[in-house]
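# Examination of the molecular architecture
Below, each chain spelled out in residue letters.
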Amino acid sequence: MVDIVTRVNNVVNGFVWGPFGLALLFCTGLWLSVRTGFFQFRRMGYWLRHTIGAIFTNKDVTAHTSKEDMAISQFQSMCTALAGTIGTGNIVGVATAIVSGGPGAIFWMWVMALLGMMTSFAENVLGVYYRRKNEKGEWNGGAMYYLTDGLGAKPGCRAVGRVLAVLFSCFCILASFGIGNMSQINSIAGNMNAAFHLPYLATGLALMVVTALIVIGGLKRVAAVTEKLVPLMALFYVAGALIIVVMHAGNIPAAVAAIFKGAFNLNAAGGGALGYGISQTITWGFKRGAFSNEAGLGSAVMVNSASNVKEPVHQGMWGVFEVFADTIVVCTLTALVILTTGVVDLESGAVLAGVQDNALVGQAFTAAFGSFGPKFIAVSILLFAYSTTLGWSHYGTKAVEYLFGTAGSRIYKVVFVCMTVVGATMKLGLAWDLSDTFNGLMMIPNLIGVLALSGTVVDITKNYFARRVRGEDIEPMWSAFEEYQKEEEAEAAAEKAELEKAANK
């Protein structure tokens, strides 16, 4: 039975993460880039000012919402989304890409990220535009909602939109237990045992207690933790990686040259035919890039839709920044750590240090920090992997809520918490492969929806810049639903009147 499941999974995985799936992901990002006039490049200064720049200049971005308001702040939504995306893929995934596809795979990770920025932008725009409120007053948004109410509203597409929404939700729930929970906890337990000799069960029990205290408390509690955890873990890892790169600064030109040369080089994947070498490099770069930043999977949009933002484009710009931070910053630093410390061959990516790819980054840190290296990586993986678990707990919750309502989400949270112990103590094997497949299966219905609604994304973006940049007096496009549109407009008018009153005092 296990053998049959394995064979079937390999076929499906080869489809969703093979040429078809990766081409669909690439073409979606390219199509959205073209339709928006390459927004991620042309408006780079604008989206940086209104995301990371706004954290320091606009208190509304970081201000917590009131107890009555079930939405979370823009900063909290960004941190929770990054918590779900910045994980072991930023450490182990980069090493796997280099070993399997050569240093040139990093170039194709960049390409996938640069195009994926607009896929993430579109997902967030659609997520906010088609979101709805549940009985508790929380915003519910995500691929299942724009598939149902966006794609489903097109002539003859009602049933298609609903079926795709159900499929997406089912795949999301299954992936949340695998890649979102057990595999992450298993990585933590293994690294903590190797670095600090902590028993697997002890790690699992400790994380189960912490997870219960956070996850069962709902999104606001998850967001309150991630807004502190994500900046901490990012600064911790980036500082350590920068120290190593600076220590080996003389090797940076050779490392960068290897990346660009390897992107099109005959020897990119350890030799062989030119076509095969380049295809392996591109495949592994695209695959690990998509796995790392999750642009196109439709996962992060579920937390971005819970933001207290009114403008869909504002949240779309946070999606652009999230991909930038995840891949262009964190993954690039990991790649430079590996390529500048001499643990791999710069021509082929072959391991020189005599370790497997999942320990390659640890070996690079050991080369620079000595015995402290493995401990540094163990703590980094603890922070990265556990933050991913918190982010995915929300994704699974919202998928269950779409299918079964809020009562079902409460049962899901209890099961999710219990699975942390299982993840810490079991040998994953097939479970990891299956969850990787379910993760990829989320992508197909999501991208169908994003492509079908790309015109809506363009219209909302044009409407935003007409109002916010050119000052045109036109009705904003904030929600697909009239009741929410009027509600948002009334709130905006009240806020404007309050500001004018305060200015006249």
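All of these numbers come straight from a predicted model, not from anything done at the bench. (Residues numbered from 1 in each chain as written. Predicted model: local features only at pLDDT ≥ 70, side-chain atom pairs only at ≥ 80, totals over all residues. Heavy atoms only, no water.)

Taken together, the side chains of Leu-30, Val-34, Phe-38 and Phe-41 present a nonpolar region at the surface, about 330 Å² in accessible area. Within the secondary structure, Phe-41 is located in helix H3 (residues 39-42). (Patch = residues over 30% accessible without salt bridge, like charges linked within 9 Å, V, L, I, M, F, W, Y side chains within 5 Å. Areas by Shrake-Rupley, 256 points an atom, 1.4 Å probe, with all protein chains shown as cover. Salt bridge = Lys/Arg side-chain N within 4 Å of Asp/Glu carboxyl O. Helix = DSSP H or I, 4+ residues; strand = E, 2+ residues; numbered from the N terminus.)

Okay, helix H12 (residues 200-215) next. Taking 1.5 Å as the rise per residue, H12 with 16 residues should run 22 Å; its terminal C-alpha atoms sit 22 Å apart, in good agreement. Restricting attention to buried positions, one finds in H12 the residues Thr-203, Gly-204, Leu-207, Thr-211, Ile-214 and Val-215. Mapping the buried residues of H12 onto a view down its axis gives an arc of 95 degrees, with all of them on the same face. Looking at the buried positions of H12, the neighbouring elements they touch are helix H11 (158-196), helix H13 (219-247) and helix H19 (372-425). (Expected span 1.5 Å × (residues − 1). Buried < 20%, exposed > 50% of the residue type's maximum accessible area, 1.4 Å probe, protein only. Arc of directions from axis to C-beta. Contact = heavy atoms within 4.5 Å.)

Next up on the list: the packing of helix H14 (residues 252-262) against helix H17 (residues 312-340). The N-to-C vectors of H14 and H17 enclose an angle of 110 degrees; their axes lie 9 Å apart at closest approach. The angle between H14 and H17 falls in the class roughly perpendicular. You can see that H14 and H17 cross each other, and the crossing is right-handed. Only Leu-336, Leu-339 and Thr-340 of H17 make contact with H14, whose side of the interface consists of Ile-252, Ala-255 and Ile-259. Considered class by class, the residues forming the contact of H14 with H17 number five nonpolar, one polar and no charged. (Axes fitted to C-alpha atoms, helices over the stretch in contact; angles between N-to-C directions. Parallel < 35°, antiparallel > 145°, perpendicular 65-115°, else oblique. Left-handed = near helix turned anticlockwise from the far one by under 90°. Nonpolar A, V, L, I, M, F, W, Y, C, P; charged D, E, K, R; others polar.)

To continue, consider empty space enclosed by the protein. The tally for this structure, following the rule as stated, stands at four cavities of 30 Å³ or more. By volume, the largest cavity amounts to about 90 Å³. Taken together, 13 residues form the lining of the largest cavity, with Thr-85, Gly-89, Gln-184, Phe-291 and Glu-294 sitting closest to its centre. Contributing elements (two or more residues each) for the lining of the largest cavity: helix H7 (74-85), H11 and helix H15 (274-293). Of the residues contributing to the lining of the largest cavity, the split by class is three nonpolar, nine polar and one charged. Looking at the second largest cavity, its volume works out to about 70 Å³. (1 Å grid on protein atoms, 1.4 Å probe; cavity = no way out; pocket = protein on both sides within 12 Å on 5 of 7 lines; lining within 4 Å. Points joined across faces, edges and corners; volume = space filled by probe spheres on them.)

The phi angle at Phe-38 is positive, at roughly 55 degrees, despite the residue not being glycine. Among the structural elements, Phe-38 can be located in the loop between helix H2 (19-35) and H3. For Phe-38, a relative accessible area of 31% gives the class partly exposed. In the Ramachandran plot, His-197 falls in the positive-phi region, its phi being about 60 degrees despite a non-glycine side chain. Relative to the elements of secondary structure, His-197 occurs in the loop between H11 and H12. Given the relative accessible area of 66%, His-197 is considered exposed.

Relative to the helices and strands, Leu-382 is located in helix H19. A C-alpha to C-alpha distance of 9.3 Å links Leu-382 and Gly-87, two positions 295 residues apart in sequence. Residues within four places of Leu-382 in sequence aside, it is in contact with Ile-188 and Met-192.

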